[in-house]
Amino acid sequence: MSSTHLNHPGSLRSLVTLLAVVSALVSTHATAADQPDNQPDKKTAVGKLVILPGEFTLQGSESFQRLLPGLVRNGRFTGTPTGKLEWSSSNPRVVTISDQTARPAGNGQATITVRHKTLSATAQVTVSHFAKQVAWDFRIHVQSVLTKSGCNGGACHGALAGKNGFKLSLRGYDPIADVRTITRQNRGRRVIPNDPGRSLLLTKPTGAVPHKGGVRFEEGSREYRVVSEWIAAGHPAPSDDGPRISRLEILPHDAILQPGSSQQLVVRAHFSDGHSEDVTRWAKFTSNNTTVADVDDTGATLPDGQAGQIGRVSVTGHGETAIVAWYLSRNVVASLSVPYANTLTGDTFDKAPRSNFIDDLVLDKLKGLSLPPSPQTGDAEFLRRATLDSLGVLPTPEEARAFLDDTATDRRARLIERLLARPEYVDYWTHKWSDLLLVSSSTLKPPSMKSYSKWIRDHVSDNTPWNEFARDLVTARGTTHTNGAANFFVLHRDPADMAETVSMAFLGMSIQCAKCHDHPLEKWTNDEFYGMANLFSRVRFKTAPEGGDGNQSIFTTTSGELIQPRTGKPQLPKPLDGQTIPFEALGDRRNHLANWLVSPQNPYFTRAIVNRVWANYLGTGIVEKVDDLRLTNPPSNELLLSRLSGFLVKNRYDLKSLIRLIMNSQTYQRTSRITPGNEEDRRFYARYYPRRLKAEVLLDAISAATGQPTAFKGYPAGTRSLQLPDSNIASRFLSTFGRPERVITCECERSDEPSMVQVLHIVNGNTLNDKLQSKTNRIGRWLASGMPDYRIVESIYLASLSRYPTNREMSETLKIFAGTPPEQKRELVEDVLWSVISTREFLFNH
Amino acid sequence: MLNITGQGTAHTCDGVSRRDFLQVGTLGAAGITLSELEQARAEGKTRPEGDRRSVIMIFNLGAPSQFETFDPKPESPAEIRGPFKPIPVAGGGFSICEILPGHAKHGDKFSIVRSCYHTAAAVHDTGHQMMQTGRLFTGGVNTPHAGCVAAYLQGRRSDLPSHVVLPEPMGSTGGNLPHGQDAGFLGKAHDPFVLMADPSKKNFRVPDLLPPKSIGEARLDRRRKLRQIVDSTVKDFEASENAKLLDSSFKAAFRIITSEKARAAFDLSKEPKKVRDRYGMTRFGQCCLMARRLVEAGVRCVTVNTFLTVFNEITWDIHGTKPFTSIEGMRDIVAPMYDQAYSALLEDLTQRGLLEDTLVCNLSEFGRTPRVNPAGGRDHWPQCWSVYFAGGGVQGGRVVGKSDPIGAYPAENPVGPGNVVATIYKSLGYELETELPGPSGRPFPLVDQGTEAIHELF
């Protein structure tokens, strides 16, 4: 039961309506069962009272608007006031209020007022076209009913093959075809204008005749009326100049709610003819994280007997979630925050150290959620973390000693500068982008694979701005042996595949759904997909005239279109939401795509790369997952993502400047240790999140710690796995630890999760054991040099963990040394090194 | 297996006393904590009375056609009934397609459900999720595989893991969605052990199950003690799921390494050649044989994936076009291999008296289109298909539910994925209202409220 919903709809409603007419005053009880309404609000907690929406129009006698009273504190909606609410209309001949819903009574303007204790709020309403005959529009009203009732869902008549001979477009993306299906097929039995009640379109969903899909709505419901009156009006098809949806609005769009509370949401649709409607009842609601809040999408009675209410949110936990409302192929998102149950003082945040705007924005978020930040990490841990995240290698024992001896206050900032200038930085980021761009000899001939890899490496080495990198790639031409970027097109020959790949790699989002139908979770339509894909329809391939193994030449022609299967015609070339170009336009269409792609006005491009770089350093994307940027999957900190994007644009897409900013922030330099109260944080950066080293980095780390490199067939001795250009190199270690095959353009192809199989390989497998036993490793050198035992232990810790052993670690280990005969010392040192390498501290970046 | 009395020896379920490496690791200087005690309990330290049930879940990835397997429609037009004929099964309970003669001989042992359906998108991945977990994954709630639920609720019954997946997890089937083959919200500590090898290969051995010869028992023990010294220094990983998982993986790995019985269960060379041949020297055949050995050795749930992907492999996914499979490919390659192994498994379990307590359920993600497509194949069809069950309390020779005359929709007793998974839980003796800790501790019943097992099977 919503705390503000009238709970006796029968007799009380008629009384209430009467009162509204007579005295223009309605009073309803807020029935928050668990919060007695005589509990006085604390003075500090009282905010401003508002009504949402604060201003609206009601057009025609059938219109209505659900009203949401709410308290606003510090500019944010904080829930519905508990206790008695008094509603009134300044002119009941214009608008009346019942069930917290405004309904028109005649044309004109009026003010709606709600009073709660000492507070009051108003909303302005304009009523027009009151006397006009109601005409239900198929595109807007009938389609809403069919969609919300599930008729055109993927499991029902929206399936590709329809159901029982009746096929509708999935979620109503093709209203013209749907009207034709409904009115022309099945010998007209679906609609009978002179007796609508006998139409199959009504007898089926009400269960009057057997219906496999069950009862979808009741006779006499608003759904029933909309469909029957549309049929009675001669089931008109939507006209070309009829109203279209232009904007969807959700109220409140941002709220702070308390655990255990509930909150009604309202969705308003704005149409191209200027009118708007309360469409809450026909919107489809989903929660991105049901462990924070759930939302009622069906209005069905709850298991405990409470009445359901479409669009009502129930808070189930702490943190943040987005509630997504879908209506007529549009999505709108409400962000909900539920603060953690920590009692913190302002000092917790005000006195927290800050280096740059990242810290300001992260601390603001933490403050809003009552999550205490963990303190700064120690130097040893920072050295290891920064080196692993930027270079993918462990600091050497010498580097560790030097850094730990450094007492200058700017030692961390100087370390960051040194790291960004190191050659291993190029290896690391080349490898990262090679994953994304699928460099592999399983799909490319070795010379092409090498030239592709070299192209990436050269750009990383030059620190090419990311926008230029992207432009060079998507407009690549020439032979695959000389211009490595051209291989991007060899891997994705099909224009549709290329459209998907470009979107995934550079916009961080999948548009694959739109290949067959309008994207159900995003705004992308089937038309837009084919407009995008058609930008690649003139790319051609031929064997390169100069020859060479698999050498191909990539060029473009001036003719050729991609046919959209649904229409049988090509779409005008158009980058997703960019401008169209005429079919006959001369020049390489890909330049048009590139201009749109890297334009600072394209929000997705910058956000996608910022998010990828951020996730590399912080372990969790601001949008998570990094390949799932979409309106309906909002960032955990919108302001942070947009400020970082602005920073990158201002710095001309210089990724090193972004990395420098991130690494110098206190947010990046926090310890991974828990501070009481932030245990549950996984998204807001209250601490650094430990994660297992990725396969290649881990293998290289084991090689470095043992001093025994891994041999890769066909590559010079000492080549690190992160330096391999190719993923198609057999390695049991790398595949066990989740190396991607480079088949799918998605960072999700890689797995960093530990498993028992991995542990078995560490314990019994030949990778680590062979390195420990090798006669040429560090251990042999240590023993040969006659190093004292404590020094050996110290070296093991520095080489593996970049820190000195603790006193306890040292003394307990030396005890075992003391009890070991000299001829078994080598084995003991191997075992000590094994024991350090097999710990979480080694296997994880933390 | 955790010996909390600290006597220095421990007893395995078969009563053999041996050095228990785990115990050394857990009873370190720190002593035993409450959570370790709870863990010992959760890990099934003792074997309660009546804890005898196991499950072998054979997952027919790719999705067999109901028409060419368990729901032939000889009366329907040619474009629906397809090219094959029905044959009656032993006991005369029903008829199945002629391409499964081995099944027909055991028709008195298994029962068919012909009215299975789901309502999610017709991509393989969603069906995998629902049929193995009982729910579609939405709102960040990934329901665990039934075998992982068993692992969570009852813990290990021997030194072997509770849930083993053979031969490998499901790979790509086009949707890029999770397949529901792990412990989901229960946490990775309850994930299955995955074999990652083909037991029909000549030199088959479980990867890394044994330490190298140069590392004897004493050194292995010393390594674990040393590791404890370092790992106890850093206790700040508690909030990382992956770090916790690594810890539990170490415990589980040492347990399996040090158990003779556990190692033997994976050793197919201990089987007579005749038995191995009876199952068929195919990957699937030898996985079925290993499933029997594992169940015998105390594993609660063995999931056998008949195939690993639908691309460029001859599977049940008979679209009729490349890179998928043709109806002939199914007849000539898939069905014989499958038929031989399944009939061998039923025979073997029966002869050893294991069938009574072992539920063998053969599931798939959806059915195929009633109409044969222009390529001579059949496409995805989640609206109606057949699954079947044997043993574990299920009576043989029955048909539950009915499809309509063209096999397009359930005509009687529609059965959803939740009902199928509830049936597994019923066989294992679990109350369906049992709650699992979902994300952020939110409780989830084993199956959605009101979902019942398929009682007609029992």
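The rules behind these values
- Residues numbered from 1 in each chain as written.
- Chains lettered and ligands numbered in written order.
- Predicted model: local features only at pLDDT ≥ 70, side-chain atom pairs only at ≥ 80, totals over all residues.
- Helix = DSSP H or I, 4+ residues; strand = E, 2+ residues; numbered from the N terminus.
- Buried ≥ 20, exposed ≤ 12 C-beta atoms within 10 Å, placed from the backbone.
- Contact = placed C-beta atoms within 7 Å.
- Pairing = 2+ DSSP bridges.
- Nonpolar A, V, L, I, M, F, W, Y, C, P; charged D, E, K, R; others polar.
- Core = buried A, V, L, I, M, F, W, Y, C linked by C-beta atoms within 7 Å.
- Axes fitted to C-alpha atoms, helices over the stretch in contact; angles between N-to-C directions.
- Domains from an automatic or database assignment.
- Parallel < 35°, antiparallel > 145°, perpendicular 65-115°, else oblique.
- Left-handed = near helix turned anticlockwise from the far one by under 90°.
- Arc of directions from axis to C-beta.

Here we take up the overall build of chain A. For chain A, the count of helices and strands is 29 helices and 28 strands. Seen through its principal axes, chain A has C-alpha atoms that stretch 100 × 75 × 50 Å. Within chain A, the fraction of its 846 residues that count as buried is 49%. Considering only residue pairs separated by 6 or more positions, chain A has 65% of its internal contacts joining residues 24 or more positions apart.

Helix and strand counts for chain B come out as 13 helices and 18 strands. A separation threshold of at least 6 residues defines the contact pool for chain B, and within that pool the share at least 24 residues apart is 72%.

What follows deals with the pairing of strand β6 (residues 110–116) of chain B. Residue and element names in this part refer to chain B. β6 sits mainly inside the fold: 7 of its 7 residues count as buried. Across 2 bridges, β6 lies against strand β14 (residues 399–400) in parallel orientation. By the bridge assignment for β14, I112 is matched with V399.

Moving on to the interface of chain B and chain A. Listed as interface residues are 49 residues of chain B and, on the opposing side, 50 residues of chain A. Secondary-structure elements contributing two or more residues to the side of chain B that touches chain A are β8 (193–194), α7 (217–231) and α8 (241–257) of chain B. With 10 residues, α8(B) is the single largest residue contributor to the side of chain B that touches chain A. Split by residue class, the side of chain B that touches chain A holds 26 nonpolar, 11 polar and 12 charged.

By size, the foremost hydrophobic cluster in this structure holds 247 residues, and its most contacted members are A253(B), C288(B), A291(B) and V302(B). Per-element tally for this core: the top contributor is helix α12 (residues 327–351) of chain B, with 11 residues. Sequence-distant contacts of A291(B), that is, excluding residues within four places in its chain, are made with I56(B), L166(B), V302(B) and V304(B). Membership of the second largest hydrophobic core comes to 67 residues, among which are L58(A), W87(A), A110(A) and C156(A).

Further remarks concern the environment of E218(A). Residue and element names in this part refer to chain A. Position of E218 among the secondary structure elements: in the loop between α4 (200–203) and α5 (222–232). Judged by the 12 C-beta atoms lying within 10 Å of it, E218 is exposed. Placed 10 residues apart in sequence, E218 and A208 show a C-alpha to C-alpha distance of 9.8 Å.

Residues and elements named next belong to chain A. Pairing within the open sheet is antiparallel, and its 3 strands lie in the order β4-β9-β8. Strands with a single pairing partner mark the edges of an open sheet, and in this sheet they are β4 (65–66) and β8 (95–98). Summarising the sheet, β4 and strand β9 (residues 101–104) pair through 2 bridges and their orientation is antiparallel. Pairing of R66 across the sheet is with T101, part of β9.

Quick look at the sheet that holds strand β19 (residues 312–315) of chain A now. Whether parallel or antiparallel, the strands of a sheet pair through hydrogen bonds between backbone atoms. Residue and element names in this part refer to chain A. Here we have 3 strands laid out as an open sheet, ordered β14-β19-β18, and antiparallel in their pairing. Among the strands making up the open sheet, the edge pair consists of β14 (262–264) and β18 (293–295). The mean angle between the axes of side-by-side strands here comes to 20°, regardless of whether they run parallel or antiparallel. As judged from the 3 bridges shared by β18 and β19, these two strands associate in the antiparallel manner. Counted as the bridge partner of D294 is S314 from β19.

Attention shifts here to the domain arrangement of chain A. Looking at chain A, the domain boundaries give domain 1 (1–134), domain 2 (138–232), domain 3 (251–339), domain 4 (465–598) and domain 5 (693–845). Inter-centroid distance (C-alpha atoms) of domain 3 of chain A to domain 4 of chain A is 38 Å.

A few words on the packing of helix α11 (residues 283–296) of chain B against α12(B). Residue and element names in this part refer to chain B. Between α11 and α12, whose axes approach to 9 Å, the crossing angle comes to 15°. In terms of orientation, α11 lies roughly parallel with respect to α12. Read as a crossing pair, α11 and α12 show a hand that is right-handed. Together, F284, G285, C288 and R292 of α11 and M337, Y338, Q340, A341, A344, L345, D348 and L349 of α12 make up the contact between the two elements. Of the residues assigned to the contact of α11 with α12, the class counts are 8 nonpolar, 2 polar and 2 charged.

Peptide bonds are, in most cases, trans, and in most cases residues other than glycine have a negative phi. All names here are of chain A. Note that the residue after L251, namely P252, is joined by a cis bond; omega there is -15°. Position of P252 relative to the elements: it lies in the loop between β12 (245–251) and β13 (254–256). Despite not being glycine, R171 has its phi angle at roughly 50°, a positive value. You can see R171 is positioned in the loop between α2 (138–148) and α3 (175–184). We classify R171 as buried; it has 22 C-beta atoms within 10 Å.

Here we come to helix α5 (residues 124–133) of chain B. Residues and elements named next belong to chain B. With respect to burial, α5 is a largely interior element, 10 of its 10 residues being buried. Buried within α5 we find H124, D125, T126, G127, H128, Q129, M130, M131, Q132 and T133. Looking at the buried positions of α5, the neighbouring elements they touch are α6 (146–154), β10 (358–363) and α13 (417–428). Following α5 by one or two positions, G134 adopts a phi angle in the positive range, close to 95°.

Our next topic: the pairing of strand β3 (residues 54–59) of chain B. All names here are of chain B. When you tally the buried positions in β3, you get 6 out of 6 residues, the bulk of the element. In β3, alternate side chains face the same way, and those of S54, I56 and I58 on one face and V55, M57 and F59 on the other are all buried. Strand direction decides the pairing type here: β3 and β10, joined by 6 bridges, are parallel. In the strand pairing of β10, F59 is matched with L363.

Residue and element names in this part refer to chain A. Of all the residues in helix α13 (residues 466–474), the buried ones are W466, N467, F469, A470, L473 and V474. Viewed end-on, α13 has its buried residues packed into an arc of 160°, placing them on one side of the element. Check the buried side of α13 and you find it contacts α12 (446–461), α14 (487–491), α15 (495–507), α17 (589–598), α18 (603–618) and α20 (655–664).

What follows deals with the environment of V793(A). Residues and elements named next belong to chain A. You can see V793 is positioned in helix α26 (residues 789–801). On the basis of neighbour count, V793 is assigned to the buried category, with 23 C-beta atoms found within 10 Å. Between the C-alpha atoms of V793 and A695, which are 98 residues apart in sequence, the distance is 26 Å. Those residues in contact with V793, other than ones at most four positions away along the chain, are P805, M810, T813, L814 and V832.

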